[in-house]
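Spelled out from the first residue to the last, the chains are:
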Amino acid sequence: MDASCSKEQLRRIHWKRACCIRSHEEQKTSQEKTLMTHYEQNFKELKTMLSNYSNINLYRVTKFYKQRLTDAIYPFCDCIAFAVDSKHLPDENYKDVISLYDKNQKREAAHYLMDTVIAKKNCDTIMEMWEYILLASTKSIKLKNLLTEMQMKGNNVLSDAQLKEFGVKDIPDTLRDCVKEHKNVLAEKNKEIQVNTILGKETINIFPLEDNFIELIVVSASEERRLKEDELLSRGKEHEKLCQQVVQNERETVRYDEIFGSSFGNKCHARLAVISGVAGIGKSTLVQKIVFEWAIDRIYEQFHFVFPFKFRDLNRLTNISIHDMILHFYPYLKLHLSTILMKPEQVLFIFDGYDEFNSPIHARSELDIQFDKAACQSAAWSCSTTDIVSSLLQEKLLKDCSVLITTRPTALQFLHKVNIHLHLEIMGFSEEQRKEYFHKFTGDTKTSEKMFKYVEENDILYTMCYNPAYCAIICSSLEPAFKSERELQTPVLKTVTQLYSNFIYNILKHHNREHGESQKVLENLGDMAFMGVQDKVIVFDENLLSRFSLEPSQFLSGFLMEIFSRDESCQNIIYTFYHLTIQEFIAALVKSTPNPLEDITSLLDKAAEYKDGRCEVFLRFIVGLSTTEHKLEEFIREKTQTTVNKVIDWVKSKLHANSTGRQLLNAFHYLFETQNKELTESIMKDIKSIELQNITLSPVDCYLMFSLLSHCDEIAVLNIKDCNIQPESLKKLQPVLRNCGLLRLQGNNIGDESVKWLSEDLQKTDCKIHSLELENNKIGHLGLKYLSENLKSCTLKELRLCSNNIGDQGICCLSDALQSHYCNITRLGLSLSGITSSGVKQLSEALKHPNCKIKKLWLNGNNIENSGVKYLSDALLTSQCKLEFLSMCNVGMGEPGIRDLSDTLQRPFCDLSELYINGNYITASGVKYLAEALQSPCCKLQTLTLCESKVDDPGMKCLSAAITDLNCRLKQLDLRVNQIGSLGMEHLWKAMKSHPCKIEDLKLCYNNIGDAGVKCLSKALRNKHCNISELGLTAVGMGPSGMKSLSKALQNTHCKMKTLWLGGNTIEDSGIKSLSKALKSSYCKLEITDLCAVEMRDDGIKVLSEALMNPKNNLHDLYLSDNKFQASGAQCLAKALQSQFCKLSYLRLRNNRLGNAGVKVLVDAQQHPNCKLKQLELDNSEVIEARIQWWPEALKSPCGKLDILECNEEGDSGLKAMLEALENLDNPKYLGLHSSEVGDSGIELLCKFLKRTSYKLENLKSNICEMSDFMTERLHKLLKTTESDLEYLELHHNKIGDTGAKMLAEVLKTPYCTVQQLDIWQNSLSEDMERELKSLEQELRLSRPGIIINV
C-alpha cells in the first residue's frame, strides 16, 4: 500500500472491513444491530467498570492484559485501528498498522496498535479502544472468553494488575543465604535433560536444559476438557490441524512464565493451576524448566521459595507433616523452614505426575467433620500425603500459597471437585517445534532436514512427532540411516513396517540378555495386543495381563519398559502401549507367523471385516511382516513359505475384487508394504479404473499411489474427487496423472499453482487425459491462464471448471485457446464461475471460430443476462459453431434474450438439440418466440426444460401448436412449477394426439391443471399417435374423477405409459379403485407409480393389493407414504407381497397408521419366499414397543432383503433387539429412530453397534428421541472415527444444547465429513449458537455448495 495515502483514502479502502465494528447505524442491518445490542448488554458491567477507572488504573489494566488482547484481536486489528478516532490515533500510526496488516503481518500490526495506544497513557484514547474491543467480541470466541473472564473477576481485575506491578517484595536479610542455597541446589539438579536411547552403548543421553529445551504449545483449557479417544487415534495432518484450530480460534496460548502473577485464571490472584497432557508430552520437562528458570532468577520473582515434588516420591511417605515432608527432600532448610512457611503467599508448591499418586485427592466440604479431623490444620500437623495435598488445594493449609499440579488427562476426574483457578493443556509440538527437535537431536542441519521431510510425508509418523517422547523414538530409528556416509537415493526405510521393525529390533537387541524368555513374552504380548486392536482396547489392567500369561513384574524391567507405560493414577494399576501404532505393530508381528492351529487367511479376512478402520494399520503391518525379510525374525516363530503365499494371494484378492473407496486404498497400502516389484507389476497392469471419491488422501497415500500406478500402462478412470488432496500431495502424483483417460479432481482446492504444472503435462506426447474435471478447486483467472496456454496443443476433449472463480479475465484466456487448431475440447463446463456478459462475449467469439470444437456448454448460475445471451445467439448463427447442448439455467435471461435465442434456433447453422433454461424470466411472449422456433424446419431441439419460468395457458397454447408441427422434433418437455391450468391442457391434448407429436417424456408437476386438465391428457393417452411413456403429475390438483379418466387411458391398447407420478393429489379410495382396475388390464404397462399423500385409506389399499396379485400387473416400484390406511390395509398389502405374481421390489409406506398389527403382518410377509422386496420404509407408522417381537425374526430370515429400516416408538429394548437382528442383514442405508423414545442410552447402543460392524448409513433420523449433549458427543465420536457415509442427519426435537451443537459443528468442518443436511431445530440451542451454525453453513458452502444446516 502506498505510504503517501491519506487516512481518508485509507478509510475508504478499509471501510468495508471496519463497518462491522464501527457503530454507524446506517451501515448496519437489523441483524447486526441485534447482535451488537446483545453483546453491549453482555459486557455492560465490564464497560462501566473500565469507565470508572482513573487514568493510571485504566493504563495499568490495559497494560496487564496487553498480550492477551493482542492475541485475540489480531485477525481484525485493522478494524479496531479504523474505529479509533484520528485525534487519538494519528494518520501516520494508522498507516503503519494498515501497512503491516496488508502484508499479512497481523500479529505485528496488533502489537503496534496496542503499544501505540498504551504509550499515550491517555484515558480517552484507551477507553475508546476498549469500547470497540467490546463490540468486536462478536468476531472472536477467544476475545469473548477473555472479556467474560474479566467481567467475572469484577474489581479484582485491578487488584491483579496492581499485584503484578507492586507484588514483588524484597527477601528478608535473614533468608538471603537460605534462598541462595536453595536456588543453587535446584539449578544444579535441573540444569540437564536426560533422554533414554535405544542405540549405542549408553542407555541415557544427557543434554543441557537451556540449549535443548523446546517450548511446547500450552493452551488454556476449560474445566470440562477431557481427553477424547479420537484425539489419541487421530493421525497425520489432522492432529496438527486440530491444534491450529484450537489455538487460533478458541484457546489462548500460555507461556510457562505466565501461569502465576498474570491475567490468566478465573479468580483474583490465581494460585492453583493444573497442567494436563498425555504420556510423554513433556509435563515433567516443563516443570524442570520452570524450576530452573526460577532458580536462576528469570521468572516468578514474587516467590521466594519453590518446592518441587514428584507424586511417585510422595507415595513412600506416611503420616507426616508438610514441614517434615519439605525437610525430607530439602534438609538444608531446617533452620529457616518455620520462618519461610509464615509467608505462604511467597511460596510455590509444584507436584508433578498426579496420575502416579496412589490415592486420589478428595475435596471435602466445610461441614465435613471427618475432614476437620484428617486435614492438616497447621504446618506441623501429621497426616497422610493425600491429606496434605488436599488441604493445600482447598486453602485449609498455608492459605495464599500457590500450587501447580501436572497430570495425565485420565486422572483429571479426581480433581473435578477442586476449585482450580487455571486449567492448562499441553498440545505438544507445532511443525516448527518438531523441526527444531529434529535439528537438536541430530546436531546436523542437513541430516535433520532430510529426516524431517521423510517423516512429514508419512501421516502416522508425523502425528507421533507432536509428542516429544515419540519424536525421540522416530529420531533414534532414522538417524543411523540418514547419517550413513553413502548417499541414499531414497530413504532406507521405505515403509512404516520397516521403520517399526527397526525400532522394535533395537529395543529387543539391547535387551538380548533376556533372549531366552523374550520370545514367549513377546508372543503373549502380541496376542493381548491383537485382542486390543480387534476390540478397541488400549488400556490393560492386571486381570488382562494374567489372561495372557503376563506378569506385572515383567513390565518393571527389560524390553517391555521400552514399549509399555505403567499408570498408577487409578484405583487399579493399568498399562498402555506408548502409542496405538506400537500396539498394532506388536500384534501384527506375532500374528504374522501363526501357530499351526491358526489360518492366516481367516485372520486377515476377519480383520478386514471391520469397516471402522480399527484394523487398517494392523493389516498393513502384518502384510509387510509376512511378505518381507526383516531383522525381527530371530525373535519370533519361523515364517513358512506357505504363510507368505497365503498373504500374497489374499492381497491379490483384495485388488481383483473391483473394490473402491477406502477398501481399495487399503489394498494399495497392503501391496505397497510387500515391496514386491514383480507382484506389483502383475497386479497393477490389469487395473483400469480407480475410484477413491470422498476419501481423504494424505501425502503418504499419494506417494504410494504414485509408486503403484507407475506400473499401469493406462488408467481409464482415476476418480479422486473430494479427497482433500493438498497441492504438494497432488504434485507427488504428477507423473501418473497424465496416464489417465478420465481424471476427476473436483473439490480438492488445488488452486492456480497446481493447475500450472497439471496443464503443462497436457502438452506432453505421452499424456492420455481426454477428460479433466476440476470443479470447485479455487481456481482463478491465473489458473485459467496457465491452462489455456497448454490447451492450444493437447488431446483433452472434456474440461469441467464449474464452481471456480474464473471470471471474465479467465474466460478471455480460455477463449483464445479454444480458437487454436490443435485444441480438441468438445465439452466445457463453466457453471457458477463468476462470468458476466463481457466474458460470454469473448467465449462467443471463440465459438464462431472454425477451429473451435465445443459441442456441449454449461453456463448455469452465471450473471450473463440478456446481453450475454445475445452474444451466444450470434455465435450459434454461424456455420462454424458446433454447439449441440446448451444449459443456461438461472442466468438472468428475460424476454429479449429469449427472442434472440429463439431466432437463432430457426437458423440452418444452429445445431442445438438440448436446451436447458430453467429459472429465467420467460414471459408469455418469450414462450411464443420459442414455439415459433420449434416449428422451424431448421430447429433441431429434442429436449427443452422450462421449469420455474412462469409459463401460463397462453404460453401452453403456443407450445402445443408447436409440437403438432411436422418440423418439431421435441421428445422431452419439462414444465414443472409454472402457471399452467386446465385451459393449457385443452391445447396440449389436441397436440399430443396428432401424428407429428413426438413427445415421450412430459413433466407437468406443480401446475394447477385440475381434473379437467387430467381428463384432457387422458384423451391424448388413448390415441395411437401419443408417445408418452413417462408423465409427471405431482400436485396438479387432480381428484377421483381425474384419476378415473387417467385409469381408462392406462387400459387402452395404445397407451404407452410406464412411469406415472401422482403424489400430492386428492385421489382418495375411489380414484385408487379406478387405478387398480387399470393395473389388472393386460394393456397396462405401468411399472413405477407414486401415490404418496393421495388420501388413500384401507378400502383403497385393499383394491390396490388385489391388483398387485394379478398376474397382469407390472408394478415393481410403489410409493404410498403420507396416506391414511391402517392395520387392515396393511394386512391386504402383506397378502399381496406373498403372492407369486407380485413384482414389488421397492415399497414406501412412511407416515401411515399401520400400528403394531399392521407392521407385524408386513414384516411377516417380508419373510415369505415369494416376497421380492429389497427396500421397505415404515417410519412413523404409529407402532409401540411390542413391535420388537417381530423385527429380529424378520431380519434374521434368509429372505430378509431390507435396505431401509425404521424403528419408531420402541424404546431401548426395541432398538437393542433390532440391532441384534441386523447382524444377519445386508447393510441398510437408511435408519430412522424418530419418536422412538430411545434417549441417550439408545443412541449409545446404536453408536456401539455401528463402531463394531460394517454398516454404513446414508440417512440417520434420530429426532424426538430425548437425545442430549452427552449422547451427541458419542455421535460426534462415531462420525469422526468411522468411515461414515451419512448424508442426511436429522436430530430435531431433542435436548441438544450448545455443547452438543459445537461437537457436531466440529465434525461438519472435517474434510471427510459427508453430511449434506443437518436438521437440529427444536433443541436447546442459544441464539448465539444458531447464528454460529448458520455462519458455518455459509462457510462450508464454499467447498460443499449443497450443504444445509436447519436450526
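Details of the structure are given in the entry above.
Please read all numbers here as calculations on a predicted model, not as lab measurements. Throughout, a residue's number is its position along its own chain's written sequence, starting from 1. Local features in this predicted model are restricted to residues whose pLDDT is 70 or higher, and side-chain atom pairs enter the listing and the counts only when it is 80 or higher, whereas totals over whole chains, interfaces and linings include all residues. Where side-chain values are given, they derive from all heavy atoms of the structure, hydrogens and water being excluded.

**Concerning the overall build of the protein**
What counts, and what does not: To qualify as a helix, a DSSP run of H or I must reach at least 4 residues; to qualify as a strand, a run of E must reach at least 2; elements of each kind are numbered from the N terminus. Relative accessibility under 20% of the residue-type maximum defines a buried residue, over 50% an exposed one, and the middle range a partly exposed one, all with a 1.4 Å probe and only protein chains included. Residue contacts are defined here by distance: any two heavy atoms, one from each residue, within 4.5 Å place the two residues in contact.
Across its full length, the protein holds 60 helices and 35 strands. Counting every position in the protein, which comprises 1351 residues, the buried fraction comes to 56%. Expressed as a percentage of contacts within the protein between residues at least 6 apart in sequence, the contacts between residues at least 24 apart total 82%.

**Regarding the pattern of salt bridges**
The criterion, for reference: By definition, a salt bridge exists where a carboxyl oxygen of Asp or Glu is found within 4 Å of a side-chain nitrogen of Lys or Arg.
Enumeration according to the criterion identifies 36 salt bridges in this entry. The residue D816 makes a salt bridge to K792 at a minimum N-O spacing of 2.9 Å. With a gap of 24 residues between them, D816 in helix α42 (residues 807-818) and K792 in the loop between α41 (781-791) and β16 (798-800) connect regions that are remote in the sequence. What makes D816 partly exposed here is its relative accessible area of 42%. By relative accessible area, K792 is classed as partly exposed at 31%. A network of salt bridges, in which partner residues are shared, links R744, E773, E798, R800 and R827.

**Details of the pairing of strand β8 (residues 422-428)**
Across a regular strand the side chains alternate sides, sitting on one face of the sheet and then on the other. What counts is decided by this rule: We treat two strands as partners when DSSP finds at least two bridges between them.
Taken across its 7 residues, β8 has 7 buried, putting it largely inside the fold. With 4 bridges joining them, strand β4 (residues 272-276) and β8 adopt parallel strand pairing. Bridge assignment links S276 to a residue of β8, and that residue is E425.

**What about the side chain of K1003?**
Operational definition: Any pair of nitrogen or oxygen atoms within 3.5 Å is treated as a polar contact; in protein, a donor-acceptor pairing is required on top of that, and neighbouring residues in sequence qualify only through side-chain atoms on both sides.
The residue K1003 is located in strand β23 (residues 1001-1003) in this model. Separated by 2.6 Å, the side chains of K1003 and D1001 make a polar contact. Residue contacts for K1003: discarding those within four places in its chain leaves L973, D974, L975, R976, E1030 and G1032.

**Things to note about the environment of V644**
Residue placement: V644 occurs in helix α34 (residues 641-655). What makes V644 buried here is its relative accessible area of 13%. Linking V644 and S626, residues 18 residues apart in sequence, is a C-alpha distance of 5.8 Å. In contact with V644, other than residues within four places in its own chain, are S626, T627 and K639.

**A look at the packing of helix α23 (residues 431-442) against helix α24 (residues 445-456)**
Angle between the axes and distance between the axes are the two parameters that describe a pair of packed helices. Selection rule: In this analysis an axis means a line fitted to C-alpha atoms, helices contributing only their contacting stretch, and an angle means the value between N-to-C directions, from 0 to 180 degrees. When describing relative orientation, an angle under 35 degrees is termed roughly parallel and one over 145 degrees roughly antiparallel, while 65 to 115 degrees is termed roughly perpendicular and anything else oblique. Crossing chirality is assigned from the near helix's rotation relative to the far helix, an anticlockwise turn below a right angle marking it left-handed and a clockwise turn marking it right-handed.
In contact at an axis separation of 8 Å, α23 and α24 are set at 135° when each is read in the N-to-C sense. Relative to α24, the element α23 lies oblique. In the crossing of α23 with α24, the sense of the turn from one axis to the other is right-handed. Where α23 abuts α24, its residues E431, R434, K435, F438, H439 and T442 lie against T445, T447, S448, M451, F452, V455 and E456.

**Examining the side chain of T945**
For T945, the position within the fold is in strand β21 (residues 943-945). Residue classification places T945 among the buried positions, given a relative accessible area of 7%. T945 has contacts with L915, Y916, I917, N918 and D974, leaving out every residue within four places of it along the chain.

**Some details on the environment of K1019**
Turning to its location among the elements, K1019 is positioned in helix α49 (residues 1010-1021). Since its relative accessible area comes to 39%, K1019 is described here as partly exposed. In sequence terms K1019 and K1048 are 29 residues apart; their C-alpha atoms lie 9.3 Å from each other.

**So, the packing of helix α40 (residues 751-762) against α41**
The cut-off we apply is this: Three classes are used: nonpolar for Ala, Val, Leu, Ile, Met, Phe, Trp, Tyr, Cys and Pro, charged for Asp, Glu, Lys and Arg, and polar for all others, with Gly counted as polar.
Two elements in contact, α40 and α41, have axes separated by 8 Å at closest approach and are oriented at 5°. Judged on the interaxial angle alone, α41 and α40 are roughly parallel. Taking contact as the criterion, the partners of D752, E753, V755, K756, S759, E760 and L762 in α40 are, on α41, L782, G783, Y786, L787, N790 and L791. Split by residue class, the contact of α40 with α41 holds 6 nonpolar, 3 polar and 4 charged.

**Overview of the packing of aromatic side chains**
For clarity, the cut-off: Here a Phe, Tyr or Trp ring, Trp counted by its six-membered ring, pairs with any other such ring whose centre lies within 6.5 Å, and the pair is stacked when the planes are under 30 degrees apart, edge-to-face when over 60, and tilted otherwise. In this analysis the charged atom, NZ for Lys or CZ for Arg, is taken to sit over a ring once it is within 6 Å of the ring centre and within 35 degrees of the ring normal.
One pass over the full model with this rule turns up 31 aromatic pairs. Here the aromatic rings of F311 and F357 are separated by 4.6 Å at their centres, their planes lie at 45°, and the arrangement is tilted. Taken as a pair, F311 in helix α18 (residues 311-314) and F357 in the loop between β6 (347-352) and α21 (369-374) lie far apart in primary sequence, 46 residues in all. For the pair F311 and F357, a shared accessibility class is recorded, and that class is buried. Ring-pair connections join several aromatic residues into one group, and the members of that group are F305, F307, F309, F311, F329, Y330, Y332, F349, F351, Y354 and F357. In this arrangement the basic side chain of R255 is found over the ring face of Y256, its NZ or CZ atom lying 5.3 Å from the centre.

**Topic: the pairing of β6**
The element β6 is extensively covered by neighbouring structure, given that 6 of its 6 residues are classed as buried. Of the two faces of β6, the one carrying V347, F349 and F351 and the one carrying L348, I350 and D352 are both buried. Here 4 bridges tie β6 to strand β7 (residues 402-407), and the two strands are oriented parallel to one another. For I350, the partnering residue across the bridge sits in β7 and is L404.

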